[in-house]
Amino acid sequence: MSTPAIAGGVAVRQTFLPIALPHVGPEEKAEVLAALESGWLSTGPRVFEFERRMREYVGAKHAVALNSCTAGLHLSLVAAGIGPGDEVITTPLTFTATANVVLHVGASVVFADVDPHTGNLDPVAVERVITPRTKAIIPVHYAGYPCDMDAFDALASPRDILLVEDAAHAIGSRVNGTPVGSAAHRVAVFSFYATKTLTTGEGGMLVTGRDELAERVRILSLHGISKDAWKRHSAAGSWYYEVLAPGFKDNMGELAAALGLAQLAKLERFIARREAIVQAYNAAFCHQEALILPAEHPSVRHSRYIYPLRLREGTLKLSRNEFIDALRAENIGTSVYFIPVHLHPYYRSTFGYAEGAYPHAEQFSAHSVALPLFPDMTDRDVQDVIDAVLRLVGYYRR
Ligand SMILES: Cc1ncc(COP(=O)(O)O)c(C=O)c1O
């Protein structure tokens, strides 16, 4: 067994491998250049074409392109009229944006614990915290593995609770062939942040079958200005506009949409490459007692946004944080998805949360480490990650 770099051995690789890198090929460059040369840089024809193709890809009636997933989550709540006095249930095992947006509209965030296997919001835990004030539930498809939306429908529909799927990780995920985001009665929001399975640099897309909600989100995303506000500087548009609500500035621009169009055309290839990398990791790690592999199910086609490996408690002589440091010494980048939201200083000091409040989420977070996963990884990169992980597991096994 070879000595880990952190213990004085030679690193598995000489150059640093980041956890994620965006793919930017000639098609992305050509699309963005064409947008730059078109004379129209804000919301325009490329944004609408991107929305059209996204509607087609997801199988959704409406798609509204935005400058982030956070904006889409926020606008969903605003458009649904959720505000002070209302409660919104979500998971603590998420990025802070999911919970922050609830506070932005003046409502109360109510957390419920996750399924210890998938890391997804647990419908049974959610049912326990539903009250007459519950107006929305925001499940997060953790890592791209879809939540049990049938169970959430069963809770939400009879109580007229809005389901907003935080699909930040889940573009391309499917259950029994049905894409995440295609359910007409719900709202789903994708993220196109730089590291995501599909990126526009920064960006997001809200999809839904709800006509009124989609229309409100569109208006709210551009200052609350009446229809076709984006056209007001074009020959086809008019200088006249009316403000229907005090809206926000959350629209997507042409450069982002150009990048998105090129990426969407490659999305199935990206997911196939991510899947191949995951299968290589799984095959290398599945016999290791110390390692718990990410959730799988035959009905699930996974976007493979991240690979959250978990260290089985009591099997290694080093902590999760030391494991991360040791991988860093091997020149392998990692990250943790996520520090549970309720344990961040703001949430602790404002709402009095402490450790132990959501034990499954805390356990999941405390033992997990996400490994590099992006489509341009070479087979050599993948093997380096495998070698580094197996080296640490072998050397530090109890
Ligand atoms: C689960 C989750 N929700 C929401 C977001 C926010 O996405 P965006 O950066 O596009 O606003 C992220 C960001 O990575 C996320 O991981």
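Residues numbered from 1 in each chain as written. Predicted model: local features only at pLDDT ≥ 70, side-chain atom pairs only at ≥ 80, totals over all residues. Heavy atoms only, no water.

Section: unusual backbone geometry
- The omega torsion across Y337 and F338 is 0°, close enough to zero to call that bond cis.
- Positionally, F338 belongs in the loop between α9 (320–329) and α10 (345–351).
- A positive phi angle, close to 75°, is found at N331, a residue other than glycine.
- For N331, the location among the structural elements is in the loop between α9 and α10. (Helix = DSSP H or I, 4+ residues; strand = E, 2+ residues; numbered from the N terminus.)

Remarks on the pairing of strand β3 (residues 108–111)
- Note: strand β2 (residues 87–90) against β3, four bridges, orientation parallel. Across the sheet, the residue bridging to V88 is V109, located in β3.
- The parallel pair β2 and β3, bridged by helix α4 (residues 96–104), forms a crossover whose chirality is right-handed. (Pairing = 2+ DSSP bridges. Right-handed = clockwise from strand over helix to strand, strands pointing away.)

Focus: the packing of aromatic side chains
- Scanning the entire structure with this criterion turns up 18 aromatic pairs.
- Consider the rings of F111 and Y358, whose centres lie 6.0 Å apart with planes at 70°: the pair is edge-to-face. Within this pair, whereas F111 is found in strand β3, its partner Y358 is found in the loop between α10 and α11 (359–367), the two being separated by 247 residues in sequence. Here the two residues F111 and Y358 agree in accessibility, since each one is buried.
- Seen from their ring centres, Y281 and Y307 are 5.0 Å apart, and the 65° between their planes marks the pair as edge-to-face. Of this pair, Y281 sits in helix α8 (residues 254–285) while Y307 sits in strand β12 (residues 307–311), and the two are 26 residues apart along the sequence. This pair shows no difference in class: Y281 is buried, exactly as Y307 is. (Phe/Tyr/Trp six-rings, centres within 6.5 Å; stacked < 30°, edge-to-face > 60°. Buried < 20%, exposed > 50% of the residue type's maximum accessible area, 1.4 Å probe, protein only.)

Some remarks on the layout of surface pockets
- By volume, the largest pocket amounts to about 470 Å³.
- Residue lining of the largest pocket: 24 residues in total, with F95, S191, Y193, K196 and Y305 positioned closest to the centre.
- Counting only elements with at least two residues in the lining of the largest pocket, the list comes to α3 (69–79) and α4.
- Two domains each donate at least three residues to the lining of the largest pocket, and these are domain 1 (26–262) and domain 2 (267–396). (1 Å grid on protein atoms, 1.4 Å probe; cavity = no way out; pocket = protein on both sides within 12 Å on 5 of 7 lines; lining within 4 Å. Points joined across faces, edges and corners; volume = space filled by probe spheres on them. Domains from an automatic or database assignment.)

Here's the deal with the sheet that holds strand β7 (residues 178–179)
- If you walk across this open sheet you meet the three strands as β7-β6-β11, and the pairing is antiparallel. Looking at which strands have only one partner, the edges of the open sheet turn out to be β7 and β11 (300–301).
- Strand direction decides the pairing type here: strand β6 (residues 174–175) and β11, joined by two bridges, are antiparallel. Looking at the pairing, R174 lines up with R301 of β11.

A word on the site of the ligand
- Around the ligand, a shell composed of 15 residues is seen, among which T70, D166, H169, S191 and K196 lie nearest.
- H169 is positioned such that a nitrogen or oxygen atom in its side chain is 2.8 Å from an oxygen atom of the ligand.
- For the ligand, an oxygen atom lies 2.5 Å from a polar atom in the side chain of K196.
- One can see that the ligand is located within the largest pocket.
- Mapped onto the shell around the ligand, the elements with two or more residues apiece are α3 and α4.
- Split into classes, the residues belonging to the shell around the ligand amount to six nonpolar, seven polar and two charged. (Near = heavy atom within 4 Å. Polar contact = N/O pair within 3.5 Å; in protein donor to acceptor, adjacent residues only side chain to side chain. Sits in = over half its atoms within 2 Å of the grid points. Nonpolar A, V, L, I, M, F, W, Y, C, P; charged D, E, K, R; others polar.)

Structural notes on the domain arrangement of the protein
- Each assigned domain of the protein is listed here: domain 1 (26–262) and domain 2 (267–396).
- Residue-level contacts link 36 residues of domain 1 with 34 residues of domain 2.
- For domain 1, the biggest contributors to the area lost against domain 2 are F111, Y145 and T197; these three give 21% of the whole.
- Viewed at the interface, domain 2 and domain 1 are joined by one salt bridge.
- Residue E268 is joined to R174 by a salt bridge in which the shortest nitrogen-to-oxygen separation is 3.5 Å.
- Counting the contacts that link domain 1 with domain 2 gives 18 residue pairs in polar contact (both at pLDDT 80 or more).
- When residues of the side of domain 1 that touches domain 2 are traced back to their parent elements, those giving at least two are α4, β3 and β6. (Contact = heavy atoms within 4.5 Å. Buried area = accessible area lost by both parts, 1.4 Å probe. Salt bridge = Lys/Arg side-chain N within 4 Å of Asp/Glu carboxyl O.)

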